Amino acid sequence: MVTQPTTDEMAFPMKVVAKDVNFYYGATQALFDVSLDIMSQRVTALIGPSGCGKSTFLRTLNRMNDIIDGARIEGTITLDGREIYDNSVDVVELRRRVGMVFQKSNPFPKSVFDNVAYGARIFGIKDRAQLTEIVERSLTRAGLWDEVKDRLNHSALGLSGGQQQRMCIARALAVDPEILLMDEPASALDPRSTARIEDLIGELRGNYTIVIVTHNMQQAARVSDFTAFFCDGKIVEFGSTEHIFTNPAQKQTEDYITGRFG
C-alpha cells in the first residue's frame, strides 16, 4: 500500500500530477498504477533498486519514451492541469518546458558557447547579443561562468567531467524550462564534482521544479524535499524526505534505506 504525504507536507502547489500510470515496453510492463504529485519549485527524489521503473517514470514526464518502438502508456500525466499525452500537445514545446539532464554528460562536439546556445537557436533566436546574454546567464545559473568565461570558443569536450555535466545543465536552463529532470546526474562524477552538482540543485530549487533519480541514499536525503520509493514498477511510499528517511511507514522502505536489500 502506498503511503501518501500528510496535508502539511503537501502544502505546495502541484506542478505535475501522474494518475494511474501504466507503462509498457512492448509486452513487458514496467510501471504499475503509478500515481505521484510533484510539487512546484521543490526537489522530488525517485529512489529504488536498479530496474524498478524510476528512470522509466522520469522519462514519461517529457515523453522521452515516445522515441522507443513499442512503448505504450496508460493513465494520465498533467502539467499545470493539462494532459501532456493529448494529441494537441506540441512535444517540442513540452520538452522545452520540461528539460532533462542525463546520467552521462552529453556535450555536443561544439564550442562551449554553441552547446549552451543550441536550444535557443532551435527556438529561433539568432541575434548574437541575445544569445551571448542567454549563454552567460545560463552558465552563471549552473555555477560555471567563472570557470569557462575565457574558454567559450573552445571545445566543450575539453572540459572536465564535472564541468561538462554543469554545462549540460546550463544548456537545459538556456531555454527557460519550468521543470528539470535529472537522471542520476552525478553518478559518473568524483566526490568533489558530485558536491558541486548537489550544491547547484540546492541553488536552483527555488526557481525550478526538479525531479531527480538517484541510487545514492545520502544524496537523496541531502538534496530533496520529497522522496518516492519505487520497487518492481510501483511506488511503495511517497512523502517528505525527512519522513521517508527517519520514520518510513512501510517496512520495505525502511529495509531499502537501511541497506537490507537493493
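Relevant structure appears above.
Residues numbered from 1 in each chain as written. Predicted model: local features only at pLDDT ≥ 70, side-chain atom pairs only at ≥ 80, totals over all residues. Heavy atoms only, no water.

Trainee: Any chance you could explain the nonpolar core here in plain terms?
Mentor: A general tendency of soluble globular proteins is for nonpolar side chains to be buried together. Core analysis: the largest hydrophobic core is formed by 47 residues, its most contacted members being Leu139, Ile169 and Leu180. Broken down by element, the residue count for this core peaks at six residues, all from helix H6 (residues 161-173). What Ile169 contacts, discounting residues up to four positions off in sequence, is Val101, Ala142, Leu180, Met182, Ile197, Leu200 and Leu204. (Core = buried A, V, L, I, M, F, W, Y, C linked by side-chain atoms within 4.5 Å. Buried < 20%, exposed > 50% of the residue type's maximum accessible area, 1.4 Å probe, protein only. Helix = DSSP H or I, 4+ residues; strand = E, 2+ residues; numbered from the N terminus. Contact = heavy atoms within 4.5 Å.)

Trainee: How do you make sense of the packing of H6 against helix H7 (residues 191-204) when you look at a structure like this?
Mentor: The description of two helices packed together rests on the angle between their axes and the distance between the axes. Relative to each other, H6 and H7 sit at 20°, their axes nearing to 9 Å. Between H6 and H7, the angle is such that the two are roughly parallel. Taken as a pair, H6 and H7 cross one another with a handedness that is right-handed. In contact with Gly162, Gln165, Arg166, Ile169 and Leu173 of H6, H7 contributes Ser193, Arg196, Ile197, Leu200 and Leu204. Here the contact of H6 with H7 is composed, by residue class, of five nonpolar, three polar and two charged. (Axes fitted to C-alpha atoms, helices over the stretch in contact; angles between N-to-C directions. Parallel < 35°, antiparallel > 145°, perpendicular 65-115°, else oblique. Left-handed = near helix turned anticlockwise from the far one by under 90°. Nonpolar A, V, L, I, M, F, W, Y, C, P; charged D, E, K, R; others polar.)

Trainee: Help me understand the sheet that holds strand S7 (residues 179-183), please; the structure alone is not making it clear to me.
Mentor: Backbone hydrogen bonds hold the strands of a sheet together, and the pairing may be parallel or antiparallel. Strands sit in the order S6-S7-S8-S3-S9-S10 across an open sheet of six strands; the sheet is mixed. Looking at which strands have only one partner, the edges of the open sheet turn out to be strand S6 (98-101) and strand S10 (234-240). Along the sheet, successive strands turn relative to each other by an average axial angle of 15°, direction set aside. When S6 meets S7, the two strands line up parallel, connected through four bridges. Across the sheet, Val101 pairs through a bridge with Met182, a residue of S7. This element, H6, spans S6 and S7 of the sheet and lies at about 170° to S6. Of the strands in this sheet, strand S3 (43-47), S7 and strand S8 (209-213) touch H7, which is tilted by about 150° from S8. (Pairing = 2+ DSSP bridges.)

Trainee: Mind showing me how you'd approach the state of the cysteines here?
Mentor: In protein chemistry, a disulfide is the covalent bond that joins the sulfur atoms of two cysteines. What the rule picks out here adds up to zero disulfides. Note on Cys231: no disulfide assigned, nearest cysteine sulfur contributed by Cys52 at a separation of 6.8 Å. Accessibility expressed as a relative area gives 8% for Cys231, which makes it buried. (Disulfide = S-S within 2.5 Å.)

Trainee: How do you make sense of the pattern of salt bridges when you look at a structure like this?
Mentor: Any two side chains of opposite charge can pair, so long as their charged atoms come close to each other. In this structure the tally under the stated criterion is 16 salt bridges. Two residues, Glu178 and Lys15, come together in a salt bridge whose shortest N-O distance is 2.7 Å. Placement of the pair is Glu178 in the loop between H6 and S7 and Lys15 in strand S1 (residues 14-25), with a sequence separation of 163 residues. For Glu178, a relative accessible area of 25% translates into the label partly exposed. Arg63 is the partner of Asp66 in a salt bridge, and the nearest nitrogen-oxygen pair spans 2.7 Å. On the accessibility criterion, Asp66 (38% relative accessible area) is partly exposed. Among the ionic contacts, a cluster of salt bridges with common partners joins Lys15, Asp80, Arg97 and Glu178. (Salt bridge = Lys/Arg side-chain N within 4 Å of Asp/Glu carboxyl O.)

Trainee: Please clarify how the packing of helix H3 (residues 112-122) against helix H4 (residues 128-141) should be interpreted in this entry.
Mentor: Two numbers describe how H3 lies on H4: the axes approach to 9 Å, and their chain directions differ by 110°. As far as their axial angle goes, H4 and H3 are roughly perpendicular. Note on element contacts: H4 touches H3 through Arg128, Leu131, Thr132, Ile134, Val135, Ser138 and Leu139, opposite Val112, Phe113, Val116, Ala117, Ala120 and Arg121.

Trainee: Just checking my understanding: could you explain the packing of aromatic side chains for this structure?
Mentor: Any pair of aromatic rings gets described here by the distance separating the centres and the angle formed by the planes. All told, the structure shown has five aromatic pairs when counted by the stated rule. Ring geometry for Phe226 and Phe238: centres 6.3 Å apart, planes at 45°, overall tilted. Of the two residues, Phe226 sits in strand S9 (residues 226-231) while Phe238 sits in strand S10, which places them 12 residues apart along the sequence. Grouping residues by exposure puts Phe226 and Phe238 together as buried. The ring of Phe113 has Arg128 sitting right over it, with the charged end atom 4.0 Å from the ring centre. (Phe/Tyr/Trp six-rings, centres within 6.5 Å; stacked < 30°, edge-to-face > 60°. Lys NZ or Arg CZ within 6 Å of the ring centre and 35° of its normal.)

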